[in-house]
Amino acid sequence: MSDFPVTVFHNPACGTSRNVLAAIRQTGRDPTVVEYLKTGWTETRLRDLLARMGQGPRAVLRDKGTPAVELGLLADEVSDEALIAAMVAHPILVNRPIVETPLGVLLARPSERVFEVLDVRPDSFTKEDGEVVRL
């Protein structure tokens, strides 16, 4: 266990998620990677992450490539409880990557946001498409 634990809730099919994982590893950290589409979410874990983010579930609701529209989840009147229940039932509804460290929890979109919760920050990092991000 690292003296600075990092957990990434990751989808390997997502370029942003892959870039975040690479950026973390570039800092010398070996994060715990949770492929949440395989493991799923518990209501408790999801609520805890959202509380630490200071956000409600709508802040991490993903509609692109998900059943959010079909489930009627995009309407303003849908309650937080209904959103969380849907996210537990359909993990794909949670946007990614979510990164958890002792400095906080955030949705790392765009990928360079990950450095907000890391204790080490390089001068730059290169995304998988070759884009160099100066920090």
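Read on for an overview of the structure. Small disclaimer: the values here were computed from a predicted structure and weren't measured. (Residues numbered from 1 in each chain as written. Predicted model: local features only at pLDDT ≥ 70, side-chain atom pairs only at ≥ 80, totals over all residues. Heavy atoms only, no water.)

As for the environment of Arg 109
Tracing the backbone shows Arg 109 in the loop between strand 4 (104-107) and strand 5 (124-126). Distance from Arg 109 to Ala 22, taken between C-alpha atoms, is 14 Å for residues 87 residues apart in sequence. Setting aside residues up to four positions removed in sequence, Arg 109 forms contacts with Cys 14, Thr 16, Arg 62, Asn 95, Arg 96 and Pro 97. Among the polar contacts made by the side chain of Arg 109, one reaches the main-chain carbonyl oxygen of Arg 96 at a distance of 2.7 Å. (Helix = DSSP H or I, 4+ residues; strand = E, 2+ residues; numbered from the N terminus. Contact = heavy atoms within 4.5 Å. Polar contact = N/O pair within 3.5 Å; in protein donor to acceptor, adjacent residues only side chain to side chain.)

Comments concerning the nonpolar core
Counting 22 residues, the largest nonpolar core has Trp 41, Leu 73, Val 94 and Ile 98 as its most contacted members. Of all the elements in the fold, those that place two or more residues in this core are helix 3 (43-53), helix 4 (80-89) and strand 4. Residue contacts for Leu 73: discarding those within four places in its chain leaves Arg 58, Leu 61, Ala 68, Val 78, Leu 83, Ala 86 and Leu 93. Among the nonpolar cores identified, the runner-up in size contains 16 residues, and Val 8, Ile 24, Ala 108 and Val 117 belong to it. (Core = buried A, V, L, I, M, F, W, Y, C linked by side-chain atoms within 4.5 Å. Buried < 20%, exposed > 50% of the residue type's maximum accessible area, 1.4 Å probe, protein only.)

Focus: the sheet that holds strand 4
Pairing within the open sheet is mixed, and its four strands lie in the order 2-1-3-4. At either margin of the open sheet sits one strand with a lone partner, and together these are strand 2 (32-35) and strand 4. When the angles between neighbouring strand axes are averaged without regard to direction, this sheet yields 15°. By the bridge criterion, four bridges tie strand 1 (residues 7-10) to strand 2 in an arrangement that is parallel. When the bridges of strand 2 are listed, Thr 7 appears paired with Thr 32. The sheet contacts of helix 1 (residues 15-26) involve strand 1, strand 2 and strand 3 (98-101), and relative to strand 1 the element is tilted by about 160°. Along the sheet face, helix 3 touches strand 1, strand 3 and strand 4 and points at about 100° away from the line of strand 4. (Pairing = 2+ DSSP bridges. Axes fitted to C-alpha atoms, helices over the stretch in contact; angles between N-to-C directions.)

Concerning the packing of aromatic side chains
Scanning the entire structure with this criterion turns up three aromatic pairs. Counting every residue linked through ring pairs, the aromatic cluster contains Phe 9, Tyr 36 and Trp 41. (Phe/Tyr/Trp six-rings, centres within 6.5 Å; stacked < 30°, edge-to-face > 60°.)

Some thoughts on the pairing of strand 3
Here strand 3 shows no split at all, with Ile 98 and Glu 100 on one side and Val 99 and Thr 101 on the other all buried. Pairing between strand 1 and strand 3: three bridges, direction antiparallel. Within strand 3, the position partnered with Phe 9 by the bridge is Ile 98. In this sheet, strand 4 lies alongside strand 3 in antiparallel orientation, the contact comprising four bridges. By the bridge assignment, Val 99 is partnered in strand 4 with Leu 106. Between strand 3 and strand 4, which pair antiparallel and follow one another directly, the connecting turn spans two residues.

Regarding unusual backbone geometry
In this structure, the amide linkage connecting Arg 96 to the following residue, Pro 97, adopts the cis form with an omega of -5°. If you trace the backbone, Pro 97 turns up in the loop between helix 4 and strand 3. A cis amide bond links Arg 109 to the next residue, Pro 110, at an omega of 0°. Mapping Pro 110 onto the fold places it in the loop between strand 4 and strand 5.

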